[in-house]
Amino acid sequence: MWRDVRPPIETDRILPGLERPTSDNADMGKTYERIDDRLREFIEAQPVFFVGSAPLADDGHVNVSPKGRAGTLVVLDERTVAYLDFGGSHAETIAHLRENGRITLMWCAFEGPPKIVRVHGTGEPVFRDDPRFADLVARFGDADAAGLRAVVVVRANLISDTCGFAVPFMDYREERTLHEEYMARKTDEEFVEYVGSKPYNIASIDGLPAVPLPLPLRG
């Protein structure tokens, strides 16, 4: 059970310490012992993040997934983050975590000063029938929605940032709601059937076990 006692962080200002690069601060790469308030603010302000994982086999396929949907990632404590895993046609990250636990999360600044933050860690998918599931989901508030398969919890082994000088500027327009709307049209029973009908929910593209089936109904 994680408890966050830190005060809310303002998100409508330029982040402290993320000044524009000069000849004096151009080498911005650092490692951190913890996710401090400044890193937490940066992470939670990004509308998209990326998840990387891989199987142990030399000929296995490395997977990189973009993640969106506002509010679906939270910082649980100074070395732990979690995100909601919604249903889809594949479950590569879940399969890799069940095999070896290795995962990297990455956030990029597409506006303001350049910055990339990575959390290299050990991940665990917490499924619906896990006693921790309900308490974890409660941390996400209104972001909980239809089509939730699991909560992925990541405990950091290495926290770092780099400059991001080559990342382009891009303007955020709005959330893409297609996935949420698609899943909302299904009852939970229909969603459970949907998950069980997708071959790459049952196993990864390399044949690793992915989502344990049958997926339990939500209570």
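Think of each chain on its own: its residues are numbered from 1, step by step along the sequence as written. Local features in this predicted model are restricted to residues whose pLDDT is 70 or higher, and side-chain atom pairs enter the listing and the counts only when it is 80 or higher, whereas totals over whole chains, interfaces and linings include all residues. Hydrogens and water molecules were not included; the side-chain quantities draw on all heavy atoms of the structure.

- In the nomenclature of an unreviewed UniProt entry, the chain corresponds to Pyridoxamine 5'-phosphate oxidase from the organism Embleya hyalina.

So, the overall build of the chain
So, step 1. Per the secondary structure count, the chain includes six helices and eight strands.
So, step 2. Secondary structure follows DSSP: runs of H or I at least 4 residues long count as helices, runs of E at least 2 residues long count as strands, and numbering of each begins at the N terminus. Of the regular secondary structure in the chain, the N- to C-terminal order runs β-α-β-β-β-β-α-β-β-α-β-α-α-α.
So, step 3. A simple rule labels every residue: compare its accessible area, found with a 1.4 Å probe on the protein chains alone, to the largest value its type can have, and call it buried under 20%, exposed over 50%, or partly exposed in between. Of all 219 residues assigned to the chain, the portion counted as buried reaches 43%.
So, step 4. For the chain, restricting intrachain contacts to residue pairs at least 6 apart in sequence, the fraction spanning at least 24 positions comes to 75%.
So, step 5. About 12,000 Å² of surface is accessible on the chain, with carbon and sulfur atoms providing 53% of the total. Contact definition: two residues touch when any of their heavy atoms are within 4.5 Å. Accessibility throughout is a Shrake-Rupley quantity obtained with a 1.4 Å probe, and a residue counts as covered only by protein chains that appear here.

A short note on the side chain of N63
So, step 1. On the secondary structure map, N63 appears in strand β3 (residues 63–67).
So, step 2. For N63, a relative accessible area of 16% translates into the label buried.
So, step 3. For the purposes of these results, a polar contact is taken to be a pair of N or O atoms within 3.5 Å, where, inside protein, one atom must be able to donate a hydrogen and its partner to accept one; residues adjacent in sequence count only when each atom of the pair is a side-chain atom. Within the local environment of N63, its side chain forms a polar contact with the side chain of S65, the two groups lying 3.0 Å apart.
So, step 4. Once residues lying within four places of it in the same chain are set aside, the contact partners of N63 are V51, G52, S53, E92, T93 and H96.

A few points about helix α2 (residues 92–99)
So, step 1. Burial analysis of α2 places six of its eight residues in the buried class, which makes it a mostly covered element.
So, step 2. Looking only at α2, the buried set comprises E92, T93, I94, A95, H96 and L97.
So, step 3. Of the residues one or two after α2, G101 is the one with positive phi, at around 80°.

Here we look at helix α1 (residues 37–45)
So, step 1. Among the residues of α1, L39, R40, E41, F42 and I43 are the ones counted as buried.
So, step 2. Its buried side turned inward, α1 meets β1 (30–32), β4 (73–77), β6 (102–108), β7 (116–127) and β8 (148–162).
So, step 3. For α1, the N-terminal cap is D36; the gap from its side-chain oxygen to the backbone nitrogen of R38 is 3.2 Å.

Considering the environment of Y200
So, step 1. You can see Y200 is positioned in helix α6 (residues 199–202).
So, step 2. On the basis of relative accessibility, which here comes to 37%, the residue Y200 falls in the partly exposed class.
So, step 3. A sequence separation of 109 residues divides Y200 from A91, and the C-alpha atoms of the two residues are 6.2 Å apart.

What to know about the pattern of salt bridges
So, step 1. We define a salt bridge as a side-chain nitrogen of Lys or Arg found within 4 Å of a carboxyl oxygen belonging to Asp or Glu. Applying the stated criterion to the full structure yields nine salt bridges.
So, step 2. Linking R34 and E78 is a salt bridge whose minimum nitrogen-to-oxygen distance equals 3.2 Å. Taken together, the positions of R34 in the loop between β1 and α1 and E78 in the loop between β4 and β5 (80–86) put the pair 44 residues apart, joining distant regions of the chain.
So, step 3. Overall, the relative accessible area of 34% leaves E78 in the partly exposed class.
So, step 4. Linking R40 and E44 is a salt bridge whose minimum nitrogen-to-oxygen distance equals 3.5 Å. Placement of the pair is R40 and E44 together in helix α1, with a separation of four residues, close to one helical turn.
So, step 5. Take R40: its relative accessible area is 11%, and that puts it in the buried class.
So, step 6. It is possible to trace a salt-bridge network through shared partners that takes in E124, D130, R132 and R155.

Things to note about the nonpolar core
So, step 1. In this description, a nonpolar core means a group of buried Ala, Val, Leu, Ile, Met, Phe, Trp, Tyr and Cys residues linked to one another through side-chain atoms lying within 4.5 Å. Y83, I103, L105 and W107 are the most contacted members of the largest nonpolar core, which totals 22 residues.
So, step 2. Mapped by element, the contributors of at least two residues to this core are α1, β2 (49–53), β4, β5, β6, β7 and β8.
So, step 3. Looking at this core element by element, the count peaks at four residues for β8.
So, step 4. What W107 contacts, discounting residues up to four positions off in sequence, is F42, I43, Q46, V48, F49, L73, K115, I116, V117 and V119.
So, step 5. With 15 residues, the next largest nonpolar core counts L84, A145, L148 and V153 among its residues.

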